[in-house]
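Below are the chains, spelled out letter by letter.
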Amino acid sequence: MNSPLRLLPEERRRYRRHQFWTDHGLFRECFYANFHEMVPGVFRSAQPSPRQLRRWQRHYGLKAVLNLRAPAPHEPHYRLEQEVCDATGMQHIVLHGFGSRDLPEKERLLKAMDLLTELPRPFLLHCKSGADRAGFMSVLYLHLVMEQPMETAQRQLRLWPFGHIRHANTGILDWFFSSYGQALAAEPDLTLRQWIERDYDRHALLKSFHPWYRLDWLTDRLLHRE
């Protein structure tokens, strides 16, 4: 078992400067954290600052954090989050291989679905902005674990209040669920897992999706979605 991470004061200050300015924490911390409770004990957000994470842990009794950002143990956002989790006793679970403008490989997706069923509540899941990867994983969780109808669960991928833009390249995430919906219409008893195991073709879905490219500058240049 690894020793709890405790940063040196100068490290912590340097990482916080990077998180606030370079990683766009200014917007998340001062204006909109994109923090929402999906169902009792299940929360989603943008990348939290250490102060935000500590406050939510105290207020909601969080037991775990599911981090959907790329694996980066050396990066400021990761190390700051790990330090808070170690200090408060929360599990810090990193799930990589998911992008806001891409689809995961089949085996990675199935493993993620298994992980969702094991998460201890209350828990928080987050990506960088809280809009796309967090939305995608929220749909999976609500449908698979909470057994919500897919149409209901898909409301986690919306422009308001989450900031998800379905007509830009981030709409590939909607296209994934729409493709399952088309298969479900033809085969009403088909579960999401069965469709993924039998029919999911990542490359074919990526090729068949056509975003409205005029909106891609929002996700790529202005919002800097990962």
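Residues numbered from 1 in each chain as written. Predicted model: local features only at pLDDT ≥ 70, side-chain atom pairs only at ≥ 80, totals over all residues. Heavy atoms only, no water.

(A) Region of the structure containing the overall build of the chain. The number of helices and strands found in the chain is 11 helices and 5 strands. Computed over C-alpha atoms, the radius of gyration of the chain comes to 18 Å, within 12% of the 17 Å expected from 2.2 N^0.38 for 226 residues, which places it in the range of a compact globule. If one aligns the C-alpha atoms of the chain with their principal axes, the spans along those axes are about 60 × 40 × 30 Å. When each of the 226 residues of the chain is scored for burial, the buried share is 51%. Counting only contacts in the chain whose residues sit at least 6 apart along the sequence, the fraction spanning at least 24 positions is 71%. Each charge class in the chain can be summarised by its mean position, and for the 32 positive and 26 negative side chains these summaries are 8 Å apart. (Helix = DSSP H or I, 4+ residues; strand = E, 2+ residues; numbered from the N terminus. Rg over C-alpha atoms; globule rule 2.2 N^0.38 Å. Buried < 20%, exposed > 50% of the residue type's maximum accessible area, 1.4 Å probe, protein only. Contact = heavy atoms within 4.5 Å. Lys, Arg positive; Asp, Glu negative; His and termini not counted. Charge placed at Lys NZ, Arg CZ, Asp CG, Glu CD.)

(B) Representation of a nonpolar patch on the surface within the structure. Together, Trp 21, Leu 26, Phe 27 and Phe 31 make up an exposed nonpolar region whose accessible area comes to about 500 Å². Here Trp 21 shows up in helix H1 (residues 9-22). (Patch = residues over 30% accessible without salt bridge, like charges linked within 9 Å, V, L, I, M, F, W, Y side chains within 5 Å. Areas by Shrake-Rupley, 256 points an atom, 1.4 Å probe, with all protein chains shown as cover. Salt bridge = Lys/Arg side-chain N within 4 Å of Asp/Glu carboxyl O.)

(C) Summary view of the pattern of salt bridges. Going through the model one piece at a time under the given rule, you end up with 12 salt bridges. Two residues, Glu 105 and Arg 202, come together in a salt bridge whose shortest N-O distance is 3.4 Å. Here Glu 105, found in the loop between strand E4 (91-94) and helix H5 (106-116), pairs with Arg 202, found in helix H10 (residues 202-208); they are 97 residues apart in sequence, far enough to count as distant. A relative accessible area of 15% places Arg 202 in the buried class. Residue Asp 199 pairs with Arg 198 through a salt bridge whose shortest N-O separation is 2.8 Å.

(D) Spotlight on the nonpolar core. Counting residues in hydrophobic clusters, the biggest one holds 43 residues, and the most contacted among them are Leu 66, Phe 176 and Trp 195. Sorting elements by how many residues they give to this core places helix H6 (residues 133-144) first, with 7 residues. Filtering out sequence-adjacent residues up to four positions away, Leu 66 remains in contact with Ile 93, Leu 95, Leu 115, Leu 116, Leu 119, Leu 124, Leu 125, His 126 and Met 137. (Core = buried A, V, L, I, M, F, W, Y, C linked by side-chain atoms within 4.5 Å.)

(E) Focus on a positive patch on the surface. On the surface, a cluster of positive charge is contributed by Arg 6, Arg 51, Arg 54, Arg 55 and Arg 58. Summarising the element assignment, Arg 58 is placed in helix H3 (residues 50-60). Of the residues examined, Arg 58 reaches a relative accessible area of 63% and is grouped as exposed.

(F) Unusual backbone geometry, seen in detail. That bond from Arg 121 to Pro 122 is cis: its omega, 0°, falls within 30 degrees of zero. Relative to the elements of secondary structure, Pro 122 occurs in the loop between H5 and strand E5 (123-126). Across the junction of Trp 160 and Pro 161, the peptide omega takes the value 10°, indicating a cis bond. Residue placement: Pro 161 occurs in the loop between helix H7 (150-153) and helix H8 (172-186).

(G) Structural context of the sheet that holds E4. With mixed pairing, 5 strands are arranged side by side in an open sheet as E1-E2-E5-E3-E4. For this open sheet the edge positions go to strand E1 (36-39) and E4, each flanked by a neighbour on one side alone. Pairwise comparison of adjacent strand axes, ignoring direction, gives a mean angle of 25° for this sheet. Alignment of strand E3 (residues 64-67) against E5, held across 4 bridges, turns out to be parallel. Looking at the pairing, Val 65 lines up with Leu 124 of E5. Strand contacts of H6: E1, strand E2 (42-45), E3 and E5, with the helix running at about 165° to E2, the strand carrying the most contacts. (Pairing = 2+ DSSP bridges. Axes fitted to C-alpha atoms, helices over the stretch in contact; angles between N-to-C directions.)

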